[in-house]
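What follows is each chain in one-letter form.
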Amino acid sequence: MTHVEDELISQPECWTRAATEAVGHGGVLPAPGERVALVGCGTSYFMAQAAAGLREEAGLGETDAFAASEFPYGRTYDRVVALTRSGTTTEVLELLARLRGRTRTTALTADPDTPVMAAADDVVLLDYADERSVVQTRFATTALTLLRAHFGLHGDAVVDDARTALTADLPPGLVDCVQFTFLGRGWTVGLASEAGLKMREASLSWTEAYPAMEYRHGPISVTTRGTATWMFGAAPEGLAGQVGATGGLWVHGSLDPLAELIRAQRLAVAVAATRGLDPDSPRHLTRSVILAP
């Protein structure tokens, strides 16, 4: 078993722990009514997008999400929350340094022996969700679960769906597809983007991700036999039928969207196996992007 396989199957337990501990971190996480920005890089950025969507949909306050390198320093926020598994990512550390003394910051990280522990005003340590694989799975989803529980939007059914996602068979023919498109709406747009990233990292697949209503505005033109379109959450009316008419494979996400992401992680590992790739060692990637001065 690869590291990424071992790590992704532990997600139900990690989510349960994060949800239980969320109340203890309430003082350093966004309070209702605060104006908040969530930031990250790569997978962490997509989790930030999902968390921002959840918070706004719940009416808890204006919430933005940015890639750390694209943070708009001219805006004013009550708190900035940074997601960083390694605690060493250059863009995140530079952002936290620039915000020091100006905006309260919180970092969600997995490694206590990294610079982010001193760079942020407050830290939530999720060391039990740390990973050996370069490809992120459980840290990202555990961080999002912590925030989801803090927002009052996590329940036992989410963990039950996660366990189902680990055992249920993937749709027939899905592993053999040559192109994959992931779609979302609202908070699940970030999850769709993360699913696409997992497929690219682990299996070198051709993948795309879009807000679901955008799919008919051009992207559907690549859909045909041998392609798959996977919906995270409720699909727009008529879209499944339109995809089916192209000959492409439609995958309806029937589980909680975060649990559906586990299925996409499993798909990435399965496709990597069919192509003789090591999902723990994605091409050209390292665990953290550390830029030279």
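Residues numbered from 1 in each chain as written. Predicted model: local features only at pLDDT ≥ 70, side-chain atom pairs only at ≥ 80, totals over all residues. Heavy atoms only, no water.

Draft legend 1. Local environment of the environment of R263. Tracing the backbone shows R263 in helix α10 (residues 257–274). Distance in space between the C-alpha atoms of R263 and P115 is 33 Å, their sequence separation being 148 residues. In this structure R263 touches A165, D169, L170, P171, W230, H252 and L255, once residues within four positions along its chain are discounted. (Helix = DSSP H or I, 4+ residues; strand = E, 2+ residues; numbered from the N terminus. Contact = heavy atoms within 4.5 Å.)

Draft legend 2. Spatial organisation of the side chain of E34. Relative to the helices and strands, E34 is located in the loop between α2 (11–21) and β1 (36–40). Buried charge E34 goes without a salt bridge, the closest partner of opposite sign being R79 at 4.1 Å. Here E34 is in contact with L29, R55, L60, G61, E62, D78 and R79, once residues within four sequence places are set aside. (Buried < 20%, exposed > 50% of the residue type's maximum accessible area, 1.4 Å probe, protein only. Lys, Arg positive; Asp, Glu negative; His and termini not counted. Salt bridge = Lys/Arg side-chain N within 4 Å of Asp/Glu carboxyl O.)

Draft legend 3. Spatial organisation of the packing of helix α7 (residues 156–167) against α10. The contact between α7 and α10 brings their axes to 8 Å, and the two run at 20°. The orientation of α7 relative to α10 falls into the category roughly parallel. Once α7 is placed against α10, the crossing between them reads as right-handed. Across the interface between the two elements, V158, D161, A162, A165, L166 and T167 of α7 pack against A259, I262, R263 and R266 of α10. (Axes fitted to C-alpha atoms, helices over the stretch in contact; angles between N-to-C directions. Parallel < 35°, antiparallel > 145°, perpendicular 65-115°, else oblique. Left-handed = near helix turned anticlockwise from the far one by under 90°.)

Draft legend 4. How the structure looks around the pairing of strand β4 (residues 104–109). Counting buried positions along β4 gives 5 out of 6 residues, so the element sits mostly inside the fold. Here strand β3 (residues 79–84) runs beside β4; their pairing, made up of 6 bridges, is parallel. Within β4, the position partnered with V81 by the bridge is T106. Between β3 and its parallel partner β4, the chain crosses via helix α4 (residues 90–99), and the hand of that crossover is right-handed. As judged from the 4 bridges shared by β4 and strand β5 (residues 122–125), these two strands associate in the parallel manner. Across the sheet, residue A107 finds its bridge partner in β5, namely V123. (Pairing = 2+ DSSP bridges. Right-handed = clockwise from strand over helix to strand, strands pointing away.)

Draft legend 5. View of the sheet that holds strand β8 (residues 227–232). Strands sit in the order β7-β6-β8-β9 across an open sheet of 4 strands; the sheet is parallel. Looking at strand neighbours, the two that pair on one side only are β7 (206–211) and β9 (249–252), the edges of this open sheet. Strand-to-strand twist across the sheet, computed as the mean angle between neighbouring axes with direction ignored, equals 20°. Where strand β6 (residues 179–184) lies against β8, 6 bridges are found, and the strand directions are parallel. The residue bridging F182 from the neighbouring strand is W230, located in β8. Here helix α8 (residues 188–203) sits on the sheet in contact with β6, β7 and β8, set at roughly 160° to β6.

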